[in-house]
Structure formats: C-alpha cells, structure tokens
Amino acid sequence: MTEDGGRKGRHETEEERADRMWGELIQEVRVAQTGVQILFGFLLTVVFQPKYDRLPHSDQVIYIVTVVLGACATGALVGPVSLHRLVSGFRVKPRAVRLASRMTFVGLVLLLATMTSALLLILRVATHAGFVPYLVAAVVVWYLLCWYALPLWARRRHPVRPGDRAPDLPPGGPDPGPRQGRT
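Residues numbered from 1 in each chain as written. Predicted model: local features only at pLDDT ≥ 70, side-chain atom pairs only at ≥ 80, totals over all residues. Heavy atoms only, no water.

Trainee: Break down the pattern of salt bridges for me, citing the residues and quoting the values.
Mentor: Here the structure, examined in full by the defined rule, presents 4 salt bridges. With a closest N to O distance of 2.9 Å, Asp19 and Lys93 form a salt bridge. Here Lys93 lies in helix H3 (residues 93-127) and Asp19 lies in helix H1 (residues 14-46), a separation of 74 residues in the sequence. For Asp19, a relative accessible area of 41% puts it in the partly exposed group. Linking Arg20 and Glu24 is a salt bridge whose minimum nitrogen-to-oxygen distance equals 3.3 Å. Of this pair, Arg20 and Glu24 both sit in helix H1, 4 residues apart, which is roughly one turn of the helix. With a relative accessible area of 15%, Arg20 lands in the buried category. Taken together, the shared-partner salt bridges in this structure form one network comprising Glu12, Arg20 and Glu24. (Salt bridge = Lys/Arg side-chain N within 4 Å of Asp/Glu carboxyl O. Helix = DSSP H or I, 4+ residues; strand = E, 2+ residues; numbered from the N terminus. Buried < 20%, exposed > 50% of the residue type's maximum accessible area, 1.4 Å probe, protein only.)

This is how it looks when you write it as structure tokens:
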C-alpha cells in the first residue's frame, strides 16, 4: 500500500508476471482437477451396476448428461497442462496463461454443471421426493455464492484506483496487456 492508501503494483516484467500467474493458475487447477476427476471416475462405474438398468429413463438421461459434462469439465481442466506442454519453449507464455485461464474458467463452469447434475441424479435415486429440485437449487446457489459472487464482491470492494497497476484477473480473465504481434 502507498501512503495515500492506494495499492502498489508489483514491479515485474511481462515474462515474470506470466511465470507467477502460471504458477498460481496451476495450483488452482490442481484443486479443481482432482475433484472433477474423482467425481468422473465414480460416475463411470455407475453404468456397470445392476441397478442402472432399473433406473427410469429420465434418470438414465440425467446420468448420461452428467457423464458428458464431467468429461468436458475434465478436458477443460486438463487443457492448461497440455497447452503448457505444447507451447513450452516457444516464448508465448503470457498468451498461454490467458488461454489457460479461460480454459480453467470454462472448466469451473462445467464442474458446476456436473456437480448439479450429479446431485440431482443422486438425490432423485436416493429419495424419490418432490423437494429434490429445491434442495439441488439451494446447493447451486451456495456454489454460485462461494465460487462467483464472493470473489466478484471482493474484487468490487477493492477496486483499482487511477495510477494503480492493473489487477491480475480483470473481468473475463487475465489482463491481456499490450498486444505484441501474433502469438
């Protein structure tokens, strides 16, 4: 913080900033990746259970949608690792960080959809109760509060003032910074 209460930015080159942001992003992806991969693994076993054939058609459809969403979430959350491996050494790290950040955001949205769908299926099979959609909706609201509303509130509560450096994650993903040709 400066004497007038404003935030001071880091004194980093674009490459140093990309290195730092890449490390932070990979740590975040590890958490989400682990969760989605465990959930996806369990989902893959359901179809081989004897009870699967006795599920109503609507629950089988929910299951299929859940598996597809889980596969898509896994792809989006593993994507940054593949991206890094394929572009490593080509001097495009700032651009790679921006792309990986977007893939991670998409992966988190898909993870939210997967969790919602899986919860709906599990509660429908476990309870057969009419309150299930309301309970699932309440959990989704909780996810939205924890994953999106609280971080956006914190970002809004501490806005960047004129003269401050740009934040690491402005709306829509990382700050693209100045364009320096094609990457």
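Trainee: So what about the packing of aromatic side chains? Which residues, and what values?
Mentor: With the rule as written, the count across this model stands at 3 aromatic pairs. With centroids separated by 5.3 Å and ring planes inclined at 65 degrees, the aromatic side chains of Tyr52 and Tyr63 adopt a geometry described as edge-to-face. Within this pair, whereas Tyr52 is found in the loop between H1 and helix H2 (57-87), its partner Tyr63 is found in helix H2, the two being separated by 11 residues in sequence. Taking relative accessible area as the criterion, Tyr52 reaches 10% and is therefore assigned buried. (Phe/Tyr/Trp six-rings, centres within 6.5 Å; stacked < 30°, edge-to-face > 60°.)

Trainee: Could you give me a rundown of helix H4 (residues 132-157), with the residues and numbers involved?
Mentor: Taking 1.5 Å of rise per residue, 26 residues should cover 38 Å, and H4 covers 35 Å from first to last C-alpha, within 8% of that figure. At Leu145, H4 is deflected by roughly 45 degrees, the largest bend along its length. Those residues of H4 lying buried are Val132, Val136, Val140, Tyr143 and Tyr148. The secondary structure elements touched by the buried residues of H4 are H3. (Expected span 1.5 Å × (residues − 1). Bend = angle between axes of the 7 residues up to and from the residue. Contact = heavy atoms within 4.5 Å.)

Trainee: Account for a nonpolar patch on the surface, naming residues and giving values.
Mentor: Together, Phe105, Val106 and Val109 line one region of the surface with nonpolar side chains, adding up to about 250 Å² of accessible area. Mapped onto the secondary structure, Val106 falls in helix H3. Accessibility expressed as a relative area gives 43% for Val106, which makes it partly exposed. (Patch = residues over 30% accessible without salt bridge, like charges linked within 9 Å, V, L, I, M, F, W, Y side chains within 5 Å. Areas by Shrake-Rupley, 256 points an atom, 1.4 Å probe, with all protein chains shown as cover.)

Trainee: Please provide a residue-by-residue account of unusual backbone geometry, values included.
Mentor: Positioned with a positive phi, Arg91 is a non-glycine residue whose angle comes to about 60 degrees. Take Arg91: it is sitting in the loop between H2 and H3. A relative accessible area of 81% means that Arg91 is categorised as exposed. Backbone geometry places His128, a non-glycine residue, at a positive phi of 55 degrees. Within the element layout of this structure, His128 appears in the loop between H3 and H4.

Trainee: Tell me what's going on with the packing of H1 against H2, and back it up with residues and numbers.
Mentor: In the contact formed by H1 and H2, the axes pass within 9 Å of each other and the chain directions differ by 150 degrees. What the angle tells us is that H1 and H2 run roughly antiparallel. The element H1 and its partner H2 pack so that their crossing is left-handed. Contacts from Trp22, Val29, Ala32, Gln33, Val36, Gln37, Phe40, Leu43, Leu44 and Val46 in H1 reach Tyr63, Thr66, Val67, Gly70, Ala71, Ala73, Thr74, Leu77, Val78, Pro80, Val81 and His84 in H2. (Axes fitted to C-alpha atoms, helices over the stretch in contact; angles between N-to-C directions. Parallel < 35°, antiparallel > 145°, perpendicular 65-115°, else oblique. Left-handed = near helix turned anticlockwise from the far one by under 90°.)

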